[in-house]
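Each chain, letter by letter, is given below.
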Amino acid sequence: MKKKIGSLQECQKLAVSFAKTLAEGDVVVLSGDLGAGKTTFTQFVLRSLGVKEVVNSPTFSILKSYNGKFRFEHIDAYRINTDEALNIGLDELLSKKDRVFFIEWAENIAPLIPKKRISVRITHLGETEREFEIIHE
Ligand SMILES: Nc1ncnc2c1ncn2[C@@H]1O[C@H](COP(=O)(O)OP(=O)(O)O)[C@@H](O)[C@H]1O
Ligand SMILES: [Mg+2]
């Protein structure tokens, strides 16, 4: 599925409909440049699935967990590599099937990412314009 959006509000709409397709055990891999909207899209999805806490970028903490309709793990691997991910036990966390994962910069820890994933590729087209491509792999 490919979709062009022109505003944050449309990003939220897309996130709400995407959220309805999620099930326990899903791994959502978000890709796109810095500022593309990976964290923003994740925020909208989690909020629509009952997360009341503020969802912000886990770049510095690497991992943040939330409870809503599912237990969510939001991982930002921007600052780490596979060895560091193994040191903090991300491989074990990623083997858990009772939650839904959102992973930014998954390419940095590629060997640890399950093959069965939902890829959300975001292309930054303009100030508020984005193209989303969502692929079930
Ligand atoms: N249509 C849009 N979709 C997503 N983000 C948008 C959109 N328009 C503007 N933005 C803004 O772009 C920025 C995206 O930042 P962020 O989600 O942190 O990106 P990333 O996590 O990919 O680095 C936010 O400030 C957000 O408000
Ligand atoms: Mg981010």
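Residues numbered from 1 in each chain as written. Chains lettered and ligands numbered in written order. Predicted model: local features only at pLDDT ≥ 70, side-chain atom pairs only at ≥ 80, totals over all residues.

Colleague: Describe in detail the nonpolar core, supporting the description with residues and values.
Modeller: Within the largest apolar cluster, 30 residues are counted, with the highest numbers of intra-cluster contacts made by Val28, Val29, Leu30, Phe41, Phe101, Ile103 and Val120. Among the secondary structure elements, those contributing two or more residues to this core are α1 (8-19), β2 (27-31), α2 (38-48), β4 (71-76), β5 (100-104) and β6 (118-124). (Core = buried A, V, L, I, M, F, W, Y, C linked by C-beta atoms within 7 Å. Buried ≥ 20, exposed ≤ 12 C-beta atoms within 10 Å, placed from the backbone. Helix = DSSP H or I, 4+ residues; strand = E, 2+ residues; numbered from the N terminus.)

Colleague: Provide a residue-level description of α1, including the pertinent values.
Modeller: Along its 12 residues, α1 runs 16 Å from first to last C-alpha, staying within 8% of the 16 Å computed at 1.5 Å per residue. Taken as a whole, α1 has its buried residues at Cys11, Leu14 and Ala15. All buried residues of α1 lie within an arc of 100 degrees about the axis, which places them on one face of the element. In α1, the exposed residues that point more than 90 degrees away from the buried face are Gln9 and Ser17. Buried residues along α1 sit against β1 (2-5), α2 and β7 (130-136). (Expected span 1.5 Å × (residues − 1). Arc of directions from axis to C-beta. Contact = placed C-beta atoms within 7 Å.)

Colleague: I'd like a description of the site of ligand 1, backed by residues and values.
Modeller: Around ligand 1, a shell composed of 16 residues is seen, among which Cys11, Gly37, Lys38, Thr39 and Thr40 lie nearest. Put simply, the parts of the chain that give the shell around ligand 1 at least two residues each are α1 and α2. Considering every element that reaches the shell around ligand 1, the biggest residue donor is α2, with 3 residues. Its residues placed into classes, the shell around ligand 1 shows 5 nonpolar, 8 polar and 3 charged. (Near = placed C-beta within 6 Å. Nonpolar A, V, L, I, M, F, W, Y, C, P; charged D, E, K, R; others polar.)

Colleague: Give a detailed account of the sheet that holds β4, specifying residues and quantitative values.
Modeller: Picture the strands of a sheet paired through backbone hydrogen bonds; they go either parallel or antiparallel. Strand order across the open sheet formed by 7 strands is β1-β7-β6-β2-β5-β4-β3, with mixed pairing between neighbours. Since the sheet does not close on itself, it has two edges, and those belong to β1 and β3 (63-67), each with one partner. Put simply, the sheet's adjacent strands are angled 20 degrees from each other on average, direction ignored. The strands touched by α1 within the sheet are β1 and β7, with β1 carrying the most contacts at an inclination of about 150 degrees. (Pairing = 2+ DSSP bridges. Axes fitted to C-alpha atoms, helices over the stretch in contact; angles between N-to-C directions.)

Colleague: Give a description of the environment of Ala19 that names residues and reports values.
Modeller: Along the chain, Ala19 turns up in helix α1. Considering only alpha carbons, one finds Ala19 and Ser48, 29 residues apart in sequence, at a separation of 7.1 Å. In this structure Ala19 touches Val45, Ser48 and Leu49, once residues within four positions along its chain are discounted.

Colleague: Before we move on, could you go through the pairing of β7 and cite the residues and values that matter?
Modeller: With 4 bridges joining them, β1 and β7 adopt antiparallel strand pairing. Note that in β7 the partner of Lys2 across the bridge is Glu133. In this structure, β6 lies alongside β7, joined through 7 bridges in antiparallel fashion. Bridge assignment links Arg121 to a residue of β7, and that residue is Glu133. Linking β6 to β7, which pair antiparallel, is a turn of 5 residues.

Colleague: Let's hear about the pairing of β5: which residues, and what values?
Modeller: With 5 of 5 residues buried, β5 lies mostly within the body of the structure. Where burial is concerned, the two faces of β5 agree: the one with Val100, Phe102 and Glu104 and the one with Phe101 and Ile103 are both buried. Here β2 pairs with β5 via 4 bridges, running parallel. Paired with Val28 across the two strands is Phe102, which belongs to β5. In the sheet, β4 pairs with β5 via 5 bridges, with the strands oriented parallel.

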